[in-house]
Amino acid sequence: MNKHYPLKTRLIILFFTLLAANAFAQQTGVTPAFWRLTGFSGEVKLTGLYREQVIKRDYLSDTVKSSLITGSIKLNTNSYFWHPNFMLLDVGIEYSPEQSKDDYRVIPDLGETRTLSKLDVRTVFFQNKIISLSAYYNISQIFCNRENLSNLRTDNRVFGGSLYFRNSFLPMSVSYQQGHTELHELGTGRIFKYDNNLLEGRANKSFGHLDRHEFSISRNEFKRIEQETDGIKNDVIDAILTDEIYFDRNQRYRFSSYIHGSDRKGYDTLKRFQTYETMLFRLPAHFEVLGSYAYLNDERRLFDFNQQTERIMLSHRLFESLRSDVYFENANIKQTLFDQIEQRKGGDLFYDKKIPTGQLSLGYHYLLQHQEKMGDENLVQAYREEYILSVGIILLKQPYINQSTVMVWDATGTTLYQLNFDYILVPRGDYIEIQRMPGGQIPVNGTVYIDYTYVIPGSYQYDLSNESWSASLTLFKRFLNIYYRNTHQDYRNLKKTDFIVLNYYTQSTYGCRLEYKGASGGVEYEDNTSVILPYKLTRYFAALQGSLNQRVLVSLNGNYSDYHLVNDNINQQYADVSGQVVISLTNRSKLNIDGGFRQQRGRGIDLDLLNARAEYTLQVRQLYFSLGVQAFRRNLMEQIDNYNGAFFSITRRF
């Protein structure tokens, strides 16, 4: 009996039949098979941890004994159906039970059981052909039982795929991903859900060897629902077009363009259009002219922002020694609450010259900026200002900040760092200083994004001048480096500036650095006469890196900084020492020792922090052993966290 399929079904069958025929047309050396296993690997692992922890707070003193044991098994297979160019299939599974126990002296003991189950499937149809298709499906479940507290089950599901059309005329791709997460509190019945759907298309085109164009468009829908709430929904459409065109075969004249449009609807409504256009002319006699235009327009529910910026720069290089440039920039900003004009003009001069015993470097920078604001005093919201939290004094950019509104986020915008756990805020006159907390979630030199509200004064106008000089002398194959930097900032033509903070300052830095093979060190002195936060800084630093017979690797670093805050007449000291020693005992065993110590002294920042870790690893055929100990000591303003611990792991790979 003949089956009559719908026309749509018959066309799909014909389409994949033709693709399969094309995929196998020129392939030899592979035996077709309905299903063939080409790879199998896996891992069985057992890990354990034990530690004793001392906790001391103003209101609590307790000792905790903690143990943790985890087992896991992972299996991965690689195979194909009929032919590798028809369908590749990768499958991975994981099962990982975990059990921990915390024994307290004062508060109730806590036991926790955690189990992870995971399946990951990935496949590719017609790889490296004109049309190819990839798909994936990932499911996982985490069950967590906290004794006498809660039972939690988290279900995750992600699936998606991509369709690629490879050709010389217009290569393009379409991809789709759907994610779903559910968190169940089994004891209370509370449920948390998160759904995400992303559809994206990309295409790129070149009409010749002198141009490149790429267009992408995406739609991202996400929804978050918590028990007994309406939830949060956002629907975001983004379109991006980038172009690069050269007007001659020597690529001396270039036009580049970036255009981005975004439409966000839902909980956080935003319409954005931005473009950045540049023209570069490489002229005779080593001259270059760069012109650019930038446009940004944001529309929110209660706040609109529009900025147009024009910039032109003329640069010149004389041989390899002398580089110079002059520039002019004009920016017009219109916001819901005020209008602003910023004009910048200035130049730079850099001179590098080899001398008989080393190298001489000189630099000069000058900036004259006119700033004018028209509007009334208002409360303004700052969004996602970027900061790198390194050692030293870091002030938030604006004065008159409402400290209770400060929120510090990670780069993804999903982690909100906690005050007094991950960072602290210290008032400095009309400004606020931010410092990362060692042992918190923010890494050393980590980038954070900060939101806050601040008060802007009414209309004002001023001209800012900023001038800086630098000199560096390097001698005897970089053995000795002496350097000096000076920056001076002043203001003139002031109008209605009584209620704004102007940062008059002169900053001078003197330094000397010695370097020989893997050892280096130096001293630096800085004098900053800022009217906002004047200070004097003395810093010493040293580093050592080396090896002994290629079997012992050593790395040591030390730094000591002493800030004298002039207005408060107090000192803040920061001392850091860190090191690592790696000893290769045999070709298959080694000992790794690392640790560090940090000490801070000053008003509101007293800290002693010590961490140390030693680990021995050994490989016997496909067995991997690891055994180690660790210690942690933190005393932050008499808030104490200390622990000693030991850990091990045994892994069998196949």
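For every chain, the first residue of its written sequence is number 1, and the numbers climb from 1 along that sequence. With the structure being a predicted model, the display of local features is reserved for residues of pLDDT at least 70 and the display and counting of side-chain atom pairs for 80 or more, all residues being used for whole-chain, interface and lining totals. Neither water nor hydrogens contribute to the side-chain values; these are computed over all heavy atoms in the structure.

## Here we look at the overall build of the protein chain
Only DSSP runs of H or I with at least four residues qualify as helices, and only runs of E with at least two residues qualify as strands; both kinds are numbered from the N terminus onward. Regarding its fold elements, the protein chain presents one helix and 33 strands. Dimensions of the protein chain, computed from C-alpha atoms along their principal axes, come out at roughly 95 × 70 × 65 Å. Residue burial in the protein chain is summarised as follows: out of 654 residues, 33% are buried. Should any heavy atoms of two residues lie within 4.5 Å, those residues are counted as being in contact. In the protein chain, of all internal contacts separated by at least 6 residues, the share reaching a separation of at least 24 is 53%. For every accessible area listed, the method is Shrake-Rupley and the probe measures 1.4 Å; residues are considered covered only by the protein chains on display. Accessible area of the protein chain: about 38900 Å², with a carbon and sulfur share of 57%. Charge counting follows a simple rule: Lys and Arg are positive, Asp and Glu are negative, and His as well as the terminal groups are ignored. To locate a charge, take NZ of a lysine, CZ of an arginine, CG of an aspartate or CD of a glutamate. Side-chain charges of the protein chain comprise 74 positive and 71 negative groups, with the mean position of each set lying 8 Å from the other. Relative accessible area decides the class of each residue, using a 1.4 Å probe on protein chains only: under 20% of the type maximum gives buried, over 50% gives exposed, and in between gives partly exposed.

## Section: empty space enclosed by the protein
Here a cavity means grid points, on a 1 Å grid over the protein atoms only, where a 1.4 Å probe fits yet cannot get out; a pocket means an open set of points with protein on both sides within 12 Å along at least five of seven lines; lining residues are those with an atom within 4 Å of a point. Grid points are joined across faces, edges and corners, and a volume is the space filled by probe spheres set on the points. The tally for this structure, following the rule as stated, stands at two cavities of 30 Å³ or more. In this structure, the second largest cavity is lined by Ile 424, Gln 435, Arg 436, Met 437, Pro 438, Gln 600, Gly 604, Ile 605, Leu 607, Leu 636 and Met 637. Of the residues belonging to the lining of the second largest cavity, the class tally is seven nonpolar, three polar and one charged. Classification convention: Asp, Glu, Lys, Arg as charged; Ala, Val, Leu, Ile, Met, Phe, Trp, Tyr, Cys, Pro as nonpolar; all other residues, Gly among them, as polar.

## Comments concerning the nonpolar core
Throughout this description, the term nonpolar core refers to a set of buried Ala, Val, Leu, Ile, Met, Phe, Trp, Tyr and Cys residues connected via side-chain atoms within 4.5 Å. Of all hydrophobic cores here, the largest spans 21 residues; its most connected members are Leu 396, Ile 434, Ile 450 and Tyr 452. Every element with two or more residues in this core is listed here: β18 (378–389), β20 (423–428), β21 (431–436) and β22 (446–456). Looking at this core, the element that brings in the most residues is β22, giving five residues. Beyond its immediate stretch of four places on either side in the chain, Ile 450 contacts Ala 382, Tyr 383, Arg 384, Glu 385, Tyr 387, Leu 396, Val 406, Met 407, Val 408 and Ile 434. If you look at the next biggest cluster of nonpolar residues, it comprises 19 residues, including Tyr 431, Ile 570, Tyr 574 and Tyr 643.

## Description of the sheet that holds strand β19 (residues 407–409)
We treat two strands as partners when DSSP finds at least two bridges between them. One open sheet accounts for three strands, arranged β18-β22-β19; its pairing is antiparallel. Single-partner strands in this sheet number two, and they are β18 and β19. On average, each strand axis in the sheet is tilted by 25° relative to the strand beside it, whichever way the strands run. Both β18 and β22 contribute to a ladder of ten bridges, which runs antiparallel. Bridged to Ile 388 within β22 is Thr 447. Orientation is described by lines fitted to C-alpha atoms, with helices fitted over the stretch in contact, and by angles between N-to-C directions that extend from 0 to 180 degrees.

## Here we look at unusual backbone geometry
Despite not being glycine, Ala 285 shows a phi value in the positive range, around 65°. Although it is not a glycine, Gln 550 adopts a positive phi angle of roughly 60°. By the secondary structure assignment, Gln 550 is in the loop between β27 (535–548) and β28 (552–565). Owing to a relative accessible area of 66%, Gln 550 belongs among the exposed residues under this scheme.

## Notes on the pairing of strand β11 (residues 253–266)
Relative to β11, strand β10 (residues 232–246) is paired through 13 bridges, and the arrangement is antiparallel. Directly across from Asp 243, in β11, lies its bridge partner Ser 257. Counted along the chain from β10 to the antiparallel partner β11, the turn is six residues long, and its residue Gln 251 has a positive phi close to 55°. Pairing between β11 and strand β12 (residues 270–283): twelve bridges, direction antiparallel. Residue pairing across strands places Tyr 253 opposite Phe 281, the latter belonging to β12. As consecutive antiparallel partners, β11 and β12 are separated by three residues.

## Overview of the pairing of β10
Examined bridge by bridge, strand β9 (residues 211–226) and β10 share 14 bridges and lie antiparallel to one another. Bridge pairing in β10 links Arg 212 to Glu 244.

## Comments concerning the side chain of Ser 216
With respect to the helices and strands, the residue Ser 216 is situated in strand β9. Among residues more than four places away in sequence, those in contact with Ser 216 are Gly 201, Arg 202, Asp 238, Ala 239 and Ile 240.

## Some words on the packing of aromatic side chains
Only the six-membered ring of Trp is used, alongside the rings of Phe and Tyr, when aromatic pairs are assigned; centres must lie within 6.5 Å, and planes under 30 degrees apart are stacked while those over 60 apart are edge-to-face, with the rest tilted. Per the stated rule, a full pass over the model turns up 19 aromatic pairs. An angle of 25° between the planes, with centres 6.5 Å apart, marks the rings of Tyr 194 and Phe 222 as stacked. With Tyr 194 in strand β8 (residues 190–205) and Phe 222 in strand β9, this residue pair connects regions lying 28 residues apart in the sequence. Distance and angle both matter: a charge sits over a ring if NZ of Lys or CZ of Arg is within 6 Å of the ring centre and within 35 degrees of the ring normal. Over the face of the ring belonging to Tyr 643 we find Arg 51, whose NZ or CZ atom lies 4.6 Å from the ring centre. For Lys 397, the ring lying beneath its charged end belongs to Tyr 387, and the centroid distance is 5.6 Å.

## Topic: the environment of Arg 224
Examined against the element boundaries, Arg 224 turns out to sit in strand β9. Remark: the alpha-carbon pair of Arg 224 and Leu 618, spanning 394 residues in sequence, is separated by 46 Å. If we ignore the near neighbours within four places in the chain, the residues touching Arg 224 are Phe 192, Lys 193, Tyr 194, Gly 231 and Ile 232.

## Brief notes about the confidence of the model for the protein chain
Along the chain, pLDDT gives the predictor's confidence residue by residue, from 0 to 100. Of all residues in the protein chain, 91% attain a pLDDT of 70 or more, and the chain-wide mean is 87. Looking over the protein chain, one finds the lowest element-wise mean pLDDT in helix α1 (residues 7–24), namely 50, and the highest in strand β26 (residues 519–528), namely 97.

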